[in-house]
Amino acid sequence: QTSSASLTTRGVREAAIMSKRKIDEDEDAAEAELAAAISAAAEAPDDEEIGGLGDGTAMVHFEVDGGECPKQYKAGRRKGEKSLLFLYLCIQGLGETPRMMLAECGATYTHLASPMGEEQAVACEWRKRSPNGLTPLLSGIGIPRAQPLSQSGAIVRYLAQRYGMAGEGELEAARVDCLYQTVKDLSGKKSEITGTAGELTEGPKGPAAAAASISAMLEAMPSPADAGAALNYGQLELLNVLIDCEEQAEGCVGALSPPLEAFRKAGAARPRIATYLSSPLRFPAIAPGYRYKDGPLKRAAFKM
């Protein structure tokens, strides 16, 4: 006679098998969605115009070959793991710091960028797959395709841990995160930095004080002028913010802080960063309404 304990054990085992089967099936479905998105991007006409968000019949697809991993960074992808997939929109926005990080550390990955005009069936069903229903999304290198990671800050920190851009030890990691958060504060003052705001914020929350604090933090961190230095994610977030400000209003970063202007120039001149900034991976600046400032581009313009 079968005991109740044996029946319970068998039930638990069968439930585990069923759960594993469901996970595998869902992962296979996510891989099929990825293949459909890549296929639709390949079939989309080269002369299709994309002028920002709201256009397009398919995502824009990039296969990025980062080459050999620079010795100061980690390889990121471990044995047996799926390749990295980064999914965002056809704008700079929240995708810019992750893209810049991946460029700096020489990552090889697939990038899908949505112009927001395509059907979800050819967009990896990202609205359904995303934990918060939004982009950016990251999968591979330890993250299941069917359960991607969302939220830009979480993605930045995950990439930093994987590629060696988070600092060494608990204290240094905390200082890197302190820089990252302070740069976020500075980013909230872009209109003041670029001269488009009516009033200027004074005190510790103002851009001048934040810039001085950031400059002090940078003194204990690797110099972007050192080609062999491993930059951290706080520094890459800062570089992104400063480049954006300078593109909006030339000379504004130097007026804000000469040390930050020196940092911006050195960071933008790093070979892998410079290559990224001049590549089709870097989407055009946008005007209100998420439309490209200089007008639409043909899909062919986004080919590597």
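Source: prediction; values computed, not measured. (Residues numbered from 1 in each chain as written. Predicted model: local features only at pLDDT ≥ 70, side-chain atom pairs only at ≥ 80, totals over all residues. Heavy atoms only, no water.)

Q: Can you help me understand the layout of surface pockets in this one?
A: In this structure, the largest pocket occupies an estimated 490 Å³ of space. Going through the elements one at a time, α2 (96–104), α4 (152–163), α5 (169–187) and α8 (233–248) are the ones with two or more residues in the lining of the largest pocket. By residue number, the principal contributor to the lining of the largest pocket is α8, which donates six residues. Looking at the lining of the largest pocket residue by residue, the class counts come to nine nonpolar, seven polar and seven charged. If you add up the space inside the second largest pocket, you get close to 260 Å³. If you go around the second largest pocket, you meet 17 residues; those closest to its centre are G164, M165, A166, G167 and E168. At the level of elements, α4 and α5 are the ones that each hand at least two residues to the lining of the second largest pocket. Sorting elements by how many residues they give to the lining of the second largest pocket places α5 first, with four residues. (1 Å grid on protein atoms, 1.4 Å probe; cavity = no way out; pocket = protein on both sides within 12 Å on 5 of 7 lines; lining within 4 Å. Points joined across faces, edges and corners; volume = space filled by probe spheres on them. Helix = DSSP H or I, 4+ residues; strand = E, 2+ residues; numbered from the N terminus. Nonpolar A, V, L, I, M, F, W, Y, C, P; charged D, E, K, R; others polar.)

Q: Would you take a moment to explain the side chain of R299 for this structure?
A: Turning to its location among the elements, R299 is positioned in the segment after β9 (297–298). Within the structure, the side chain of R299 is placed 2.8 Å from the side chain of E48, a separation counted as a polar contact. Once residues within four sequence positions are removed from consideration, R299 is found in contact with A41, A44, P45, D46, E48, I50, G56, T57, A58, M59 and V60. (Polar contact = N/O pair within 3.5 Å; in protein donor to acceptor, adjacent residues only side chain to side chain. Contact = heavy atoms within 4.5 Å.)

Q: It is not clear to me how helix α10 (residues 258–269) should be interpreted in this structure. Could you clarify?
A: One turn of an α-helix holds 3.6 residues; hence residues three or four places apart share an orientation. Here α10 contains 12 residues, and its C-alpha end-to-end distance of 17 Å stays within 8% of the 16 Å for a straight helix at 1.5 Å per residue. Of the positions making up α10, those classed as buried are L260, E261, F263, R264, A266 and G267. (Expected span 1.5 Å × (residues − 1). Buried < 20%, exposed > 50% of the residue type's maximum accessible area, 1.4 Å probe, protein only.)

Q: Explanation requested: the packing of α2 against α4 in the structure shown.
A: When two helices pack together, their arrangement is given by the angle between the helix axes and by the axis-to-axis distance. α4 packs onto α2 with a crossing angle of 10° between their chain directions and a minimal axis gap of 10 Å. Relative to α4, α2 is oriented roughly parallel. Here α2 contributes T97, P98, M101 and L102 to the contact with α4, which in turn contributes I155, V156, L159, A160 and Y163. Split by residue class, the contact of α2 with α4 holds eight nonpolar, one polar and no charged. (Axes fitted to C-alpha atoms, helices over the stretch in contact; angles between N-to-C directions. Parallel < 35°, antiparallel > 145°, perpendicular 65-115°, else oblique.)

Q: Got a minute to help me understand the nonpolar core in this structure?
A: Across soluble globular proteins, you tend to see nonpolar side chains buried next to one another. With 61 residues, the main nonpolar core has L159, Y163 and L238 as its most contacted residues. Broken down by element, this core gets its largest block of residues, eight residues, from α8. If you look at the next biggest cluster of nonpolar residues, it comprises 10 residues, including A37, L85, L112 and W126. (Core = buried A, V, L, I, M, F, W, Y, C linked by side-chain atoms within 4.5 Å.)

Q: I would appreciate a short explanation of the packing of α5 against α8 in the present structure.
A: The contact between α5 and α8 brings their axes to 7 Å, and the two run at 15°. By the criterion of interaxial angle, the relationship of α5 to α8 is roughly parallel. You can see that α5 and α8 cross each other, and the crossing is left-handed. For the pair α5 and α8, the contacting residues are V176, D177, L179, Y180, V183, K184, L186 and S187 in the first and Y233, G234, Q235, E237, L238 and V241 in the second. Tallied by class, residues from the contact of α5 with α8 come to eight nonpolar, three polar and three charged. (Left-handed = near helix turned anticlockwise from the far one by under 90°.)

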